[in-house]
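As a plain string of letters, each chain reads:
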Amino acid sequence: MSTSLAPASSAIDPSRVDGKPGGERRATQVRGGALLAAGALAALVAGACGGRVVVDGFEPPPDGSGGSGGSWSSGDTASSAPQDASGAGQGGSTGEGGAPPIPPLVKEEHNNVSMGEGIPVFVQPGTLGFTAVAEIMASSPSFEPIGIESILGPDGRLLAADYTIPGTMAAFFNQGIGTAAVPQTGADASAPLAPGTYWIQLGNRGVGPLAEPVRLSVWHRRTLDGRFHGGKIDINAFIAGEAVSEQYMRRALLAAYEGYVGLGVGSINIHHLGSEWEFVDDELLPGLLEQTAGAPGRPALNVIAVTAFGGSIVQASGVTPAVPSVAVEHGTHLSGIVVTLYEEPSVDTVILRHELGHLAGLFHTTEFDADFGDPLDDTSRCGDVESQMDRCPDFGNLMFPTGGDFSGTMTPQQTAIVRASALYRGIVEQGGGAAVPLPADADTPASGAPIAPPAPGEGARSFAPDRLASTAALPPHAAALLAGHFCGQSAARGADFDELLRAAGADADRLLAVGRDPGAPAYVRARALTAAGRAATRSSAPARVIAELQALAADPRLPRRARLGAVEGVASASPAAARALAARLTAGADGVVERMAARAAAR
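Remember, predicted model here, so these are calculated numbers, not experimental data. (Residues numbered from 1 in each chain as written. Predicted model: local features only at pLDDT ≥ 70, side-chain atom pairs only at ≥ 80, totals over all residues. Heavy atoms only, no water.)

Thoughts on the overall build of the chain
Each helix and strand in the chain was counted, giving 16 helices and 20 strands. A total of about 20500 Å² of accessible surface is found on the chain, and carbon and sulfur atoms cover 53% of it. (Helix = DSSP H or I, 4+ residues; strand = E, 2+ residues; numbered from the N terminus. Areas by Shrake-Rupley, 256 points an atom, 1.4 Å probe, with all protein chains shown as cover.)

So, in structure tokens, the structure goes:
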């Protein structure tokens, strides 16, 4: 284990962003753009502005002729068998592996790219997909906007235009780094990808000349025959303060990702961040993601666990900064996913898989704004998520905006998109082994003692909102919201969790009843109490609601997470009451609750 891997010179104080006090952070972000908006190698394009770097444990000879390459791990097991509806592999064991005839993942690099310039990218036969990353090459992560303005296919078809895919809520630009991937639509989600020359154009939304140069990196995912053969996801897990225990973090990651779309879990490295990162709002999110700088391995998934979210992403249980984000660079504003884990295995599995789906390039099947959804051909679309909720035809899909019924189903096209991503160390042929990762830095910690895989039944399971509906005469749609996964992508696109609850018929008294119910899961109680505070002003007796929230927040018999929900509810209802609560909690025994109360009182 280790502390934050960001070098001392780049460590970020959560109260300051870009060298500015908290009060000036928003102006910086407005200026820089919203963070959440969200083989035969010789034929690859080279030239004066570009080059190649090969990763995934393979280094080709200088003449590009192939050869024996680097070392492969032996005895790896990965599934190349068909998948069930959940996206988990159905078994199948690989052989001993051997010297890779081609690299599974290739980085093609173009430096000093001009805005509006068309960059040719040649896609070889056998390519599952590619991920394009545009990045401003500054001495520290930039907050200036940059992104993928358009991608043109070899058949002349526009795959992305004006930084988006029509009909989705995609935003292929961000602060200092922007991404897009192919495939992300149903028309292209078949393996292998159509070979030929693709054209990528970068832009910065017309902000003006950039002070620093811009680099385009294109990561090609390949196999020998253009079919998926498995691979390993290496994970860097970052725990902020006391957000979750190391033991539970490991078990949750294994439960979520072992067998996910036929991939296995490789190494898990645990790192620790300070308690100042336990609570994160949308303005602090870029600085939090910068803390992944120095993490080992490429590709490797960074998963950051925090205690709670605030600001525009309050009530969220997971946030992915863009669709897709990156697992091939650390320390950028798109370097990973951020989650709060509830220690409810079925729920946490959905949170982790859903957010990883975004990182790999998946959109919500349907957005709360029903005019938008994913561009896939084999997913259903809901006419009105807010009014239909658990009656939506896509409610069982992993990428439903609330995580659906927790069954975690995925369609073949969704599965193909994740498999085509630059997320994992790949296997290029049937019977091969997963490529070894790049050597870790000298100061990289060991991954820790191995832990047993999760027991059968610890994965995702179906959710029945009736168990909450009967608790406090709570309407089923409100129950589904409280118990589901509220995704930061929805919050960033304008969905307000508490307004959705109100529209579903959950008033302050009903929410307080759920918060008091010892039979309800702690995270559900927490959400209900936070929402009760936000609904207090619409209550017939707001003072009574606030007083009850204060009492619940101060009650040491309640689960910590429920108390934290009550703290946030008090702060939402009355700043004065939040200050009184913080003073009352200073002598308490739970440091996390005290810290969160003090932070809430200072807002």
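Alright, that's what it looks like, and here's the rest.
Some words on helix α11 (residues 508-516)
Of the positions making up α11, those classed as buried are Ala508, Leu511, Leu512, Val514 and Gly515. Considered in projection along α11, the buried side chains sweep an arc of 160° and stay on one side of the axis. Those residues of α11 that are buried lie in contact with α8 (476-483), α10 (497-503), α12 (522-535) and α13 (542-554). (Buried < 20%, exposed > 50% of the residue type's maximum accessible area, 1.4 Å probe, protein only. Arc of directions from axis to C-beta. Contact = heavy atoms within 4.5 Å.)

Re the state of the cysteines
A covalent bond between the sulfur atoms of two cysteines is referred to as a disulfide. In total, this model carries one disulfide according to the counting rule given. Each sulfur in the disulfide pair Cys382 and Cys392 lies 2.0 Å from the other. Of note, the bridge from Cys382 to Cys392 carries an S-S torsion of about -55° and is left-handed in sense. Residue Cys382 is located in the loop between α4 (345-360) and α5 (385-388), and its partner Cys392 is located in the loop between α5 and α6 (412-419); the two are separated by ten residues in the primary sequence. You'll find Cys382 and Cys392 in the same group, each marked buried. (Disulfide = S-S within 2.5 Å.)

Some thoughts on the environment of Leu352
Looking at where Leu352 falls in the secondary structure, it is placed in helix α4. Those residues in contact with Leu352 that sit more than four places away from it in its chain are Ala252, Leu253, Ala256, Tyr257, Val303, Ile337, Val339 and Leu341.

A few points about the pattern of salt bridges
Taken as a whole and assessed by the stated rule, the structure comprises 19 salt bridges. One salt bridge in this structure joins Glu135 and Arg215, with 3.2 Å as the shortest N-O distance. On the criterion of sequence distance, the pair formed by Glu135 in strand β6 (residues 127-136) and Arg215 in strand β12 (residues 214-222) is long-range, its members being 80 residues apart. By the burial criterion, Glu135 is buried, and Arg215 matches it. One salt bridge in this structure joins Glu499 and Arg538, with 3.7 Å as the shortest N-O distance. Highlighted residues: Glu499 in helix α10 and Arg538 in the loop between α12 and α13, separated in sequence by 39 residues. Overall, Glu499 belongs to the partly exposed group, its relative accessible area being 34%. Taking relative accessible area as the criterion, Arg538 reaches 47% and is therefore assigned partly exposed. Via salt bridges that share partners, Glu242, Glu278, Arg560, Asp590 and Arg595 belong to a single interconnected network. (Salt bridge = Lys/Arg side-chain N within 4 Å of Asp/Glu carboxyl O.)

Looking at the packing of α11 against α12
Between α11 and α12, whose axes approach to 8 Å, the crossing angle comes to 150°. Classified by the interaxial angle, the pair formed by α11 and α12 is roughly antiparallel. Here α11 and α12 pass one another in a crossing that is left-handed. Counted together, Ala508, Leu511, Leu512, Val514, Gly515 and Arg516 of α11 and Val524, Arg525, Ala528, Leu529, Ala531, Ala532 and Ala535 of α12 form the full contact between these two elements. Considering only residue class, the contact of α11 with α12 consists of ten nonpolar, one polar and two charged. (Axes fitted to C-alpha atoms, helices over the stretch in contact; angles between N-to-C directions. Parallel < 35°, antiparallel > 145°, perpendicular 65-115°, else oblique. Left-handed = near helix turned anticlockwise from the far one by under 90°. Nonpolar A, V, L, I, M, F, W, Y, C, P; charged D, E, K, R; others polar.)

Describing the nonpolar core
In this structure, Met249 and Tyr257 are the most contacted members of the largest nonpolar core, which totals 124 residues. Setting aside residues no more than four positions away along its own chain, Met249 makes contact with Ala237, Phe238, Ile239, Val244, Ile270, Val303, Ala305 and Leu341. With 27 residues, the next largest nonpolar core counts Ala132, Phe172, Val182 and Phe363 among its residues. (Core = buried A, V, L, I, M, F, W, Y, C linked by side-chain atoms within 4.5 Å.)

Structural notes on empty space enclosed by the protein
There is about 320 Å³ of room inside the largest cavity. Lining the largest cavity we find 22 residues, and of these Ala308, Phe309, Thr530, Leu564 and Gly565 sit closest to its centre. Mapped by element, the contributors of at least two residues to the lining of the largest cavity are β17 (308-309), α12, α14 (560-573) and α16 (591-602). By residue number, the principal contributor to the lining of the largest cavity is α14, which donates five residues. In terms of residue class, the lining of the largest cavity is built from twelve nonpolar, five polar and five charged. (1 Å grid on protein atoms, 1.4 Å probe; cavity = no way out; pocket = protein on both sides within 12 Å on 5 of 7 lines; lining within 4 Å. Points joined across faces, edges and corners; volume = space filled by probe spheres on them.)

Taken by themselves, the reported measurements are silent on function.
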